[in-house]
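Listed below are the residues making up each chain.
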Amino acid sequence: MKIKHADFITSAVRKNQYPETGHPEVAFVGRSNVGKSTIINAITNRRKLAKVSNTPGRTRLVNFFLINEAAMLVDLPGYGYAKISKTEKAAWGKIIEDYINSSPHLKRFVLLVDSRHKPTADDIAMMEYFRYFEKDVVVIGTKLDKLKRNDIRKSEKLIRETLELTDKDQLILYSSTSRENLQAVIDLVFHDILPEDE
Ligand SMILES: Nc1nc2c(ncn2[C@@H]2O[C@H](COP(=O)(O)OP(=O)(O)OP(=O)(O)O)[C@@H](O)[C@H]2O)c(=O)[nH]1
Ligand SMILES: [Mg+2]
């Protein structure tokens, strides 16, 4: 599977602003700073398509990117960012929730967790939501380059246990920095969404 084209389409906060392309959508969710925007740049092989920052809370809108003129990648604001007011947090949560609950073309979620840490209470809540509503989800452990080789198995086990993943639930540890497992991520996420390469 190859991602040949990528274009930024639009940013939205409300449902009536979501683009109506009819293409299947894949949404990237996870806590702030986990690497959602960065993985979108890696997948599309474009360094500055999605905005990345060291400051958590960089993405504040729902951003839509069209790939291969056939599917939409959706970059969501991250959750769990502590340094914002309650009011702002609620508004933010609503932006994420509205999109998750209302986009008719949403085919798959990619839940990103930091492979160096135990998934947070928010990550667990997110996974429980997906399970309850029988959503299609793949889990990616990010920042694999920061993990010692010896700790990879342990990290996988901790993520699987904490999120209560079953054998059927897919998990890949991955790095946007080294690009380790990038192709595996692309194949897993898009195999049944994008047409095979001709
Ligand atoms: N070492 C390493 N750093 C990464 C990796 N992926 C992302 N980062 C860094 O993590 C920071 C946050 O990345 P973003 O992609 O902006 O995170 P985000 O999930 O979009 O964050 P919000 O927009 O706040 O929700 C940036 O400094 C990235 O360079 C990775 O695989 N390895
Ligand atoms: Mg972001």
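Residues numbered from 1 in each chain as written. Chains lettered and ligands numbered in written order. Predicted model: local features only at pLDDT ≥ 70, side-chain atom pairs only at ≥ 80, totals over all residues. Heavy atoms only, no water.

Short version of the rule: UniProt positions are given in the numbering used here, feature names are shortened, and annotations may be inferred rather than shown by experiment.
The name recorded for the chain in an unreviewed UniProt entry is Probable GTP-binding protein EngB, from Proteiniclasticum aestuarii. Regarding the chain, the UniProt comment filed under Function (unreviewed entry) reads as follows: "Necessary for normal cell division and for the maintenance of normal septation." For the record of the chain, the UniProt heading Sequence similarities (unreviewed entry) holds the text "Belongs to the TRAFAC class TrmE-Era-EngA-EngB-Septin-like GTPase superfamily. EngB GTPase family."

**Side note on the overall build of the chain**
Put simply, the rule reads: By definition, any uninterrupted DSSP run of H or I lasting at least four residues is a helix, any uninterrupted run of E lasting at least two residues is a strand, and each is numbered from the N terminus. Note on method: radius of gyration uses C-alpha positions; expected globular size equals 2.2 Å times residues raised to 0.38. Working definition: with a 1.4 Å probe on protein chains only, accessible area under 20% of the residue-type maximum means buried, over 50% means exposed, and in between means partly exposed. Any pair of residues with heavy atoms lying within 4.5 Å of one another is described as a contacting pair.
When its secondary structure is counted, the chain shows 5 helices and 7 strands. If you list the helices and strands of the chain from N to C, you get β-β-α-β-β-α-β-α-β-α-β-α. Relative to its length of 198 residues, the chain is compact, with a C-alpha radius of gyration of 16 Å against a globular reference of 16 Å. Principal axes of the C-alpha set define a box for the chain whose edges measure 50 × 45 × 35 Å. Within the chain, buried positions represent 48% of all 198 residues. Contacts spanning at least 24 positions in sequence make up 72% of the contacts within the chain whose residues lie at least 6 apart.

**Comments concerning the packing of aromatic side chains**
What counts here: In this analysis, rings of Phe, Tyr and Trp, with Trp reduced to its six-membered ring, are considered paired at centre separations within 6.5 Å, and the interplanar angle assigns stacked below 30 degrees, edge-to-face beyond 60, and tilted for intermediate values.
Enumeration over the complete set of coordinates arrives at 8 aromatic pairs. Ring geometry for Tyr-129 versus Phe-133: centroids 4.9 Å apart, planes at 50°, classification tilted. A connected cluster of aromatic rings, assembled from ring pairs, spans Phe-109, Tyr-129, Phe-130, Tyr-132 and Phe-133.

**Side note on the pairing of strand S6 (residues 137–142)**
Walk down a regular strand and you will see the side chains alternate between the two sheet faces. The condition that has to hold: In this description, strands pair whenever DSSP reports at least two bridges between them. With its strands directed away from the observer, a crossover is right-handed exactly when the path from the first strand over the helix to the second travels clockwise.
Counting buried positions along S6 yields 6 of 6 residues, so the element is predominantly enclosed. Where burial is concerned, the two faces of S6 agree: the one with Val-137, Val-139 and Gly-141 and the one with Val-138, Ile-140 and Thr-142 are both buried. Both strand S5 (residues 106–114) and S6 contribute to a ladder of 6 bridges, which runs parallel. By the bridge assignment, Phe-109 is partnered in S6 with Val-137. The parallel pair S5 and S6, bridged by helix H3 (residues 121–132), forms a crossover whose chirality is right-handed. When S6 meets strand S7 (residues 171–173), the two strands line up parallel, connected through 3 bridges. Across the sheet, residue Gly-141 finds its bridge partner in S7, namely Leu-173. Following the chain from S6 across helix H4 (residues 152–162) to the adjacent parallel S7, one finds a crossover that is right-handed.

**Considerations on the side chain of Asn-63**
Under the convention used in this document: We define a polar contact as two N or O atoms separated by no more than 3.5 Å, with the added condition that, inside protein, one atom must be a possible hydrogen donor and the other a possible acceptor, whereas residues neighbouring each other in sequence contribute only through side-chain atom pairs.
Here Asn-63 shows up in strand S3 (residues 62–67). On the basis of relative accessibility, which here comes to 12%, the residue Asn-63 falls in the buried class. A polar contact of 2.5 Å, which involves the side chain of Asn-63, links it to the side chain of Ser-11. Asn-63 has contacts with Phe-8, Thr-10, Ser-11, Leu-73, Val-74 and Asp-75, leaving out every residue within four places of it along the chain.

**Observations regarding the packing of helix H1 (residues 36–44) against helix H5 (residues 182–190)**
The relative placement of two packed helices comes down to the angle between their axes together with the axis-to-axis distance. Put simply, the rule is: Whenever a helix is involved, its axis is fitted only over the stretch in contact; in every case the axis is a line through C-alpha atoms, and angles between N-to-C directions fall within 0 to 180 degrees. An angle below 35 degrees is treated as roughly parallel, one above 145 as roughly antiparallel, one from 65 to 115 as roughly perpendicular, and anything else as oblique. Amino acid classes used here: Ala, Val, Leu, Ile, Met, Phe, Trp, Tyr, Cys and Pro are nonpolar; Asp, Glu, Lys and Arg are charged; the rest, including Gly, are polar.
Between H1 and H5, the shortest axis-to-axis distance is 10 Å and the interhelical angle comes to 95°. One way to sum up the angle between H1 and H5 is to call them roughly perpendicular. Where H1 abuts H5, its residues Ile-39, Ala-42 and Ile-43 lie against Leu-182, Val-185, Ile-186 and Phe-190. Residues that form the contact of H1 with H5 fall into these classes: 7 nonpolar, no polar and no charged.

**Focus on the sheet that holds S7**
The 7 strands lie next to each other as S1-S3-S4-S2-S5-S6-S7, forming an open sheet whose pairing is mixed. A strand with exactly one partner marks an edge of an open sheet, and here the two such strands are strand S1 (6–12) and S7. Here the average twist between neighbouring strands, direction ignored, is 25°. Where H3 meets the sheet, it contacts strand S2 (25–30), S5 and S6, and its direction lies at approximately 155° from that of S5.

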